[in-house]
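Descriptive structure summary
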Amino acid sequence: MSYYYPARADIDLAAFAHNLNVVRQSLDGQKIMAIVKADAYGHGRVECARTAIAHGADYLGVAQLGEAIELRKELGAGPRILAWIYAPGAPLAEAIRDGVDISVGAWWALDEVEKAAAQVGAPARVHLKVDTGMARGGFPLAEIPDAAQRLQKLERGGDVVVVGLWSHLARADEPGGTFTDVQVERFEEARVAAAKAGLDIELHHLAATAGALWHPKARYDMVRPGIALYGLSPNPAWATARQLGLTAVMTLSGDVIVDRMVPSGTGISYGHTFITDKPMRVGVVPLGYEDGIDRKASNTAPLVINGQPACIVGRVCMDQFVTSLPDGAKPGDTAYLFGDEAAGLPTADDWAEAMGTIGYEVVTRLGARVPRVYHE
Ligand SMILES: *Cc1c(COP(=O)(O)O)cnc(C)c1O
């Protein structure tokens, strides 16, 4: 952090390591791909990736191919990295040269990987993706035999190494659901088809956090946790982060910059969506929707200031919001937005509930200009 900003996201890397261990202990020896896409869910890609590798993660996963190429530059040779989102014309040759594992889930992607590998003169490390029920990425199950056959030929020719077969679960976070079983069955079919085509695949992987924790059958050779590593639950209605033994990695806070008493009947912030019904102490915290504080947090999201509860009042603005202010609070005091429950703070999941979204979005959308302050 080299610029001045009156707010910050403290990032507790020891908590990240702890969460990785919590996930590991829930498994039966499967490998772990730590998901660090979207700048590690807003926490900082390099720092979280380094921590994951230092604490025994076997793989790193990012969505965007560009992120994988950046991450390779940041980390150097060594850690395995998988990327799964790219478009026709992507710099696949660069990814292959960098030793980045590439997901292949469409015929055009297979064609481009083949071409890029020939250009580089080294095999592409490929994870064959099958759609088992998201209708998002991946070959339809019916096309897996053909895709596997084609890959097997390319493998024999030295253009690819098929490292993985993989898919993604749509409803693993729903208690009592049965669709995960359907997806596991389809994945099984894909596994058999790939083996029949002569592929000898080292890593079958299907489960993100919810699958890894709550659907043992979906664990296969490797799991791909993201949200749990950041100390949040994939579904707090099933089990809260605390019940899962997870510790929040991010604590978001800003400095109080205004304190004042306003009389009864005072309209607060744009549109006067809050009007005081008695004299009230209010303060201003310099975080707004530019920083990822959603306008849906207006009049609803909880804070803690000097150990006391407070609440956003009126509409969230671009760079600031107004809050109720506990007695004794003054400019320069720290207003905590969210962090770890055990520290007495509201959680990102509390904010998600207030804003009608999920914890994933609360941390991931934190604005780039908010300094991340790392603690080992
Ligand atoms: C984001 C993502 C994950 C991690 O999901 P969590 O629910 O955060 O654990 C795993 N796999 C894929 C393909 C993803 O897109």
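Residue positions are given per chain, counting from 1 as you read along its sequence in written order. This being a predicted model, a pLDDT of at least 70 is required before a residue's local features are given, and a value of 80 or more before pairs of side-chain atoms are given or counted; all residues contribute to the totals for chains, interfaces and linings. To obtain the side-chain values, all non-hydrogen atoms of the structure were included, while hydrogens and water were left out.

A word on the environment of Tyr3
Counting from the N terminus, the helices are the DSSP runs of H or I reaching at least four residues and the strands are the DSSP runs of E reaching at least two. Mapped onto the fold, Tyr3 is located in the segment before strand E1 (7-12). The cut-offs for exposure are 20% and 50% of the maximum accessible area for each residue type, with area from a 1.4 Å probe on protein chains only; residues under the lower value are buried, those over the upper are exposed, and the others partly exposed. Classification of Tyr3 by relative accessible area gives partly exposed; the value is 38%. Separated by 27 residues in sequence, Tyr3 and Gln30 have C-alpha atoms that sit 42 Å apart. Residues count as neighbours in contact if any of their non-hydrogen atoms are within 4.5 Å of one another. Setting aside chain neighbours within four positions, we find Tyr3 in contact with Ala368, Arg369, Val370 and Pro371.

Looking at the pairing of strand E4 (residues 80-85)
Where strand E3 (residues 59-64) meets E4, five bridges bridge the pair, whose relative direction is parallel. Across the sheet, the residue bridging to Gln64 is Ile85, located in E4. Think of it like this: strands point away, you trace from the first strand over the helix to the second, and a clockwise trace means the crossover is right-handed. Regarding the hand of the β-α-β motif, the stretch spanning E3, helix H4 (residues 65-75) and E4 is right-handed. As defined by bridge partners, E4 adjoins strand E5 (residues 101-104) across two bridges and the pair is classed as parallel. We treat two strands as partners when DSSP finds at least two bridges between them.

Quick look at the environment of Ala17
Mapped onto the secondary structure, Ala17 falls in helix H1 (residues 13-26). What makes Ala17 buried here is its relative accessible area of 7%. Residues in contact with Ala17, not counting those within four places in the same chain, are Thr51 and His55.

Focus: the site of the ligand
It suffices for a single heavy atom of a residue to lie within 4 Å of a molecule or strand for the residue to be listed as near it. Every one of the 14 residues lining the ligand counts as a neighbour, but Lys37, Tyr41, Thr209, Ile227 and Tyr360 are closest to it. Between Arg224 and the ligand, the recorded distance is 2.9 Å, taken from a side-chain N or O atom to a nitrogen atom. Contacts to the ligand include Tyr360, whose side-chain N or O atom sits 2.6 Å from an oxygen atom. With the chains in place, 93% of the 390 Å² that the ligand exposes on its own is no longer accessible. Side-chain atoms alone can form a polar contact between residues adjacent in sequence; in general such a contact is a pair of N or O atoms within 3.5 Å, and within protein one must be able to donate a hydrogen while the other accepts it. The protein chains shown are the only cover counted for residues, whose accessible areas, like all others here, come from Shrake-Rupley with a 1.4 Å probe.

Focus: the pairing of E3
For E3, the buried fraction is high: five of the six residues fall into the buried class. Bridge count for strand E2 (residues 31-35) against E3 is three bridges, and the pairing is parallel. Bridged to Ala34 within E3 is Leu60.

Some details on the domain arrangement of the protein chain
Split into domains, the protein chain comes out as domain 1 (13-230) and domain 2 (250-375). The distance between the C-alpha centroids of domain 1 and domain 2 comes to 37 Å. The interface of domain 1 with domain 2 comprises nine residues on the first partner and seven residues on the second. Of all residues in domain 1, the largest losses of buried area upon contact with domain 2 belong to Tyr41, His43 and Ile227, amounting jointly to 52% of the total for that side. By definition here, a salt bridge exists when the distance from a side-chain nitrogen of Lys or Arg to a carboxyl oxygen of Asp or Glu is within 4 Å. Across the contact surface, domain 1 and domain 2 share zero salt bridges. For the side of domain 1 that touches domain 2, the elements supplying multiple residues, two or more each, are H1 and helix H2 (37-41). Only Asp, Glu, Lys and Arg are considered charged, only Ala, Val, Leu, Ile, Met, Phe, Trp, Tyr, Cys and Pro nonpolar, and every remaining residue, Gly among them, polar. Its residues assigned to classes, the side of domain 1 that touches domain 2 shows five nonpolar, three polar and one charged. Domain ranges listed in this record stem from an automatic or a database domain assignment. As a working definition, buried area equals the accessible area (1.4 Å probe) given up by two parts on being put together, with both sides summed.

Some points on unusual backbone geometry
Here Asp39, not a glycine, exhibits a phi torsion of approximately 50°, which is positive. Inspection of the secondary structure assignment puts Asp39 in helix H2. The backbone of Ser269 sits at a positive phi, close to 60°, despite the residue not being glycine. By the secondary structure assignment, Ser269 is in the loop between strand E13 (267-268) and strand E14 (274-275).

With respect to the pattern of salt bridges
Applying the stated criterion to the full structure yields 22 salt bridges. Salt-bridge contacts for Arg150 lead to Asp111; the nearest nitrogen and oxygen are separated by 2.8 Å. In this pair, Arg150 is assigned in helix H7 (residues 144-156) and Asp111 in helix H6 (residues 107-120), connecting sequence segments 39 residues apart. Taking relative accessible area as the criterion, Arg150 reaches 24% and is therefore assigned partly exposed. Members of the salt-bridge network, linked through shared partners, are Glu290, Asp291, Asp319 and Arg369.

Structural notes on the packing of H1 against helix H3 (residues 45-54)
For the pair H1 and H3, the least separation of the axes is 10 Å and the interaxial angle reads 45°. Judged on the interaxial angle alone, H3 and H1 are oblique. Considering the relative orientation of H1 and H3, their crossing is right-handed. Residues Leu13, Phe16, Ala17 and Leu20 of H1 pack against Glu47, Cys48, Thr51 and Ala52 of H3. In terms of residue class, the contact of H1 with H3 is made up of six nonpolar, one polar and one charged. Lines fitted to C-alpha atoms define the axes, with helix axes restricted to the stretch in contact, and inter-axis angles between N-to-C directions lie between 0 and 180 degrees. Orientation labels follow simple angle bins: below 35 degrees gives roughly parallel, above 145 gives roughly antiparallel, 65 to 115 gives roughly perpendicular, and whatever is left gives oblique. Crossing handedness is read from the near helix: turned anticlockwise from the far helix by less than a right angle, it gives a left-handed crossing, and turned clockwise, a right-handed one.

Quick notes on the sheet that holds strand E17 (residues 308-313)
Read from one edge to the other, the open sheet built from nine strands follows the order E12-E15-E18-E17-E16-E19-E11-E1-E20, with strand pairing classed as mixed. The two strands at the open ends of the sheet, each matched to only one other strand, are strand E12 (258-262) and strand E20 (372-375). Pairwise comparison of adjacent strand axes, ignoring direction, gives a mean angle of 35° for this sheet. Note: strand E15 (residues 280-285) against strand E18 (residues 321-324), four bridges, orientation antiparallel. Along E18, the bridge assignment pairs Val285 with Phe321. Packed on one face of the sheet, helix H10 (residues 348-355) meets strand E16 (302-305), E17 and strand E19 (334-338) and runs near 140° to E16.

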